Amino acid sequence: MATEEDVRRICLALPGVSERSSWNQPAWFARTLMARMWEDGVLTVKTAEREALAGTDSGTYFWTPHHERSPQLVLIRLSRIDVEELAEVLEESYLLAGGRGPS
């Protein structure tokens, strides 16, 4: 089970990521938004695999009608994801948000 503190730690360990508020929720930015708390225990991230993630584990990965027009956004229930998988998803989101890849 991952927590908001795990999200914060992983995001801020990535080069150039900053934290600030977005819609009154904690959010992390590379060049653009890479992750934001949607509500308590639910995180929004960018992914190129939204359909696949939700298709294989809809209890963890999902989206709302609000996210329909943004096909790269997926919501994650933090209580259903381990920290290692969370780190992988956040690293992908970081790259999609314009973060620097490995040198």
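Rules used in this analysis
Residues numbered from 1 in each chain as written. Predicted model: local features only at pLDDT ≥ 70, side-chain atom pairs only at ≥ 80, totals over all residues. Heavy atoms only, no water. Helix = DSSP H or I, 4+ residues; strand = E, 2+ residues; numbered from the N terminus. Rg over C-alpha atoms; globule rule 2.2 N^0.38 Å. Buried < 20%, exposed > 50% of the residue type's maximum accessible area, 1.4 Å probe, protein only. Contact = heavy atoms within 4.5 Å. Areas by Shrake-Rupley, 256 points an atom, 1.4 Å probe, with all protein chains shown as cover. Lys, Arg positive; Asp, Glu negative; His and termini not counted. Charge placed at Lys NZ, Arg CZ, Asp CG, Glu CD. Patch = residues over 30% accessible without salt bridge, like charges linked within 9 Å, V, L, I, M, F, W, Y side chains within 5 Å. Salt bridge = Lys/Arg side-chain N within 4 Å of Asp/Glu carboxyl O. Pairing = 2+ DSSP bridges. Axes fitted to C-alpha atoms, helices over the stretch in contact; angles between N-to-C directions. Phe/Tyr/Trp six-rings, centres within 6.5 Å; stacked < 30°, edge-to-face > 60°. Lys NZ or Arg CZ within 6 Å of the ring centre and 35° of its normal.

(A) Broad picture of the overall build of the protein chain. Summing up its helical and strand segments, the protein chain has 3 helices and 6 strands in all. In the protein chain, the succession of helices and strands from N to C terminus is α-β-β-β-β-α-β-β-α. The C-alpha radius of gyration computed for the protein chain amounts to 12 Å, which stays within 12% of the reference 13 Å derived for 103 residues, consistent with globular compactness. On the principal axes, the C-alpha backbone points of the protein chain span a range of 30 × 25 × 25 Å. By residue count, 44% of the 103 residues in the protein chain fall in the buried class. Relative to all contacts within the protein chain whose residues are 6 or more apart in sequence, the contacts with residues 24 or more apart total 49%. Within the structure as shown, the protein chain displays about 5,900 Å² of accessible surface, and the carbon and sulfur contribution to it stands at 50%. If you average the places of the 11 positive and of the 16 negative side-chain charges in the protein chain, the two averages end up 9 Å apart.

(B) Examining helix α1 (residues 4-12) more closely. Among the residues of α1, those classed as buried are D6, V7, R8, I10 and C11. Those residues of α1 hidden inside the fold are in contact with β1 (18-22), β2 (25-29), β3 (33-39), β4 (42-46) and α3 (83-96).

(C) Representation of a negative patch on the surface. A grouping of D82, E84, E85, E88 and E91 is seen on the molecular surface, where their side chains present a negatively charged patch. With respect to the helices and strands, D82 occurs in the loop between β6 (73-77) and α3. The partly exposed category is assigned to D82, whose relative accessible area is 41%.

(D) Region of interest: the sheet that holds β2. The strand order across the open sheet formed by 6 strands is β1-β2-β3-β4-β6-β5, and the pairing between neighbours is antiparallel. Here the strands that pair on one side only, and so sit at the sheet edges, are β1 and β5 (61-62). By the bridge criterion, 5 bridges tie β1 to β2 in an arrangement that is antiparallel. Residue pairing in the sheet places S21 in a bridge with P26 of β2. Lying over the sheet, α1 contacts β1, β2, β3 and β4, oriented at roughly 25 degrees with respect to β2.

(E) Seen up close, the packing of aromatic side chains. In total, this model carries 0 aromatic pairs according to the counting rule given. Just above the ring of F29 sits the side chain of R20; from NZ or CZ to the centre is 3.6 Å. Of note, R50 hangs over the ring of W63, and the distance from its end group to the ring centre comes to 3.9 Å.

The values are spatial; any link to function lies outside them.
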